[in-house]
Amino acid sequence: MSIRIVIRTALVAVVLASLCTQVVRAQDWAQKMFETTYHDFGGVARGSVVEFPFRLKNIYQENVHIVSVRSSCGCTSPKIEKETLKTYEEGAIIAAFNTRSFTGQKGATITVTIDQPYYAEVQLKVSGYIRTDVVLNPPGVEFGSVEMGAKDEKKIAIQYAGRSDWKITGIQPHSDFLETNLVETGRKDGQVSYELTVRLRPDAPAGYMKEQILLNTNDQRSKEFPVDVQARVVAPLTASPSSLFFGAVESGKKVTRQVVIQAKQPFRITGVRSDDTTLEFGLSDEAKTVHLVPVTFTGGEHAGKITRKIVIETDLAGDATTELTAYAQVIVPAKN
């Protein structure tokens, strides 16, 4: 091989390596939005509901648009919680472990493709061990919608096949608003069964709850497995969305967003409290179960992040109120 060819080959290799490095660095901006890019589900029961949210936050002035997600393995199904994120708006890529169709040690790479404001791909990784000796029925605890202040409970059957001395030795609820009770219901010829009762406390706050209960066992190879718990606690008065994102707003410009204030019985909005005079509200004197309230933000003179709490006051029993938070990024254009 001539010296000229060797030099040419070396130059091409250097250029390709430089381009690859630039691509990696160019996509760092997208990865910085994620809280984490890896999750280990650990040991999970076959047929159980197991999900993990890879949370991300738009820390940039431009809108971020997630165009697609794909998984390298059928053992994990990803979905996008919210495709477009404005400045400071949060979202998640939900990774669901397919415990019904797969068993044993599994792992997957989830590729998140972003096309705005720039093209980028972020790779998220999951792993876990799907046990064949433990089965849950139903596969998780689903309370559905529960009125705030109400009590509710669900039961789940746990079946184990294997060692005759296998036991569940402890329970670790991750939430202060869940109570648990476990009763052994059978033990014969290596078959062990339990009944787990999960109670939602009446002081649970309004909003969507997604928690895990960890059950500890005396099995040294797999010391614990999770039980997913989901509930939506509905307050008598709600604001949707609870977080209002105006995105990037130029100084002096106005941006309007809509907020839905809702209750089960007709009510009037008697006032709005906010510590920011740049926020304006369109209110109606009419009594109704659903109010559509326009909220207008005007960009101030100083650049920076704006976070403001808004309190909606009503004539419902006890002068019930609801709160939401407004976010904006004020931009002051450079003077020519």
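For the structure itself, consult the block above.
Before going into details, it helps to say that this report is about the structure given with it. Every value quoted in this text rests on a predicted model; they were computed, and no experiment measured them.

What counts and what doesn't
- Residues numbered from 1 in each chain as written.
- Predicted model: local features only at pLDDT ≥ 70, side-chain atom pairs only at ≥ 80, totals over all residues.
- Heavy atoms only, no water.
- Pairing = 2+ DSSP bridges.
- Helix = DSSP H or I, 4+ residues; strand = E, 2+ residues; numbered from the N terminus.
- Axes fitted to C-alpha atoms, helices over the stretch in contact; angles between N-to-C directions.
- Contact = heavy atoms within 4.5 Å.
- Salt bridge = Lys/Arg side-chain N within 4 Å of Asp/Glu carboxyl O.
- Buried < 20%, exposed > 50% of the residue type's maximum accessible area, 1.4 Å probe, protein only.

As for the sheet that holds strand E15 (residues 224-234)
Turning to step 1, where the next piece is worked out: Sheet architecture is open: four strands sit in the order E9-E15-E14-E11, paired in mixed fashion. The strands lining the two open edges of the sheet, one partner per strand, are strand E9 (141-147) and strand E11 (168-173). Across the sheet, the axes of successive neighbouring strands diverge by a mean angle of 20°, strand direction being ignored.
Turning to step 2, where the next piece is worked out: Direction of pairing for E11 relative to strand E14 (residues 207-217): antiparallel, over a ladder of five bridges. Bridged to Gln 172 within E14 is Leu 214.

Some remarks on the side chain of Thr 113
Turning to step 1, where the next piece is worked out: Within the element layout of this structure, Thr 113 appears in strand E7 (residues 104-116).
Turning to step 2, where the next piece is worked out: Setting aside residues up to four positions removed in sequence, Thr 113 forms contacts with His 65, Ile 66, Val 67, Ser 68, Arg 70, Tyr 119, Ala 120 and Glu 121.

Quick notes on the sheet that holds strand E6 (residues 90-97)
Turning to step 1, where the next piece is worked out: A sheet is described by the order of its strands in space; here three strands give the open sequence E2-E6-E4, paired in antiparallel fashion. The open sheet has two edge strands with one neighbour each: strand E2 (50-57) and strand E4 (76-80). Neighbouring strand axes in the sheet, compared pairwise and without regard to direction, differ in orientation by 20° on average.
Turning to step 2, where the next piece is worked out: Summarising the sheet, E4 and E6 pair through five bridges and their orientation is antiparallel. For Ile 80, the partnering residue across the bridge sits in E6 and is Ile 93.

As for the pattern of salt bridges
Turning to step 1, where the next piece is worked out: Summed over all chains, the structure comprises 17 salt bridges.
Turning to step 2, where the next piece is worked out: Asp 133 serves as the salt-bridge partner of Arg 131, at 3.0 Å between the closest nitrogen and oxygen. Summarising the burial analysis for this pair, Arg 131 and Asp 133 share the class buried.
Turning to step 3, where the next piece is worked out: With its nearest N and O atoms 3.8 Å apart, the salt bridge here joins Glu 153 to Lys 155.
Turning to step 4, where the next piece is worked out: Here Lys 155 falls in the partly exposed class, since its relative accessible area comes to 43%.
Turning to step 5, where the next piece is worked out: Each of Arg 131, Asp 133, Asp 219 and Arg 221 takes part in one network of salt bridges that share partners.

Remember that the coordinates give geometry; whether it matters functionally is a separate question.
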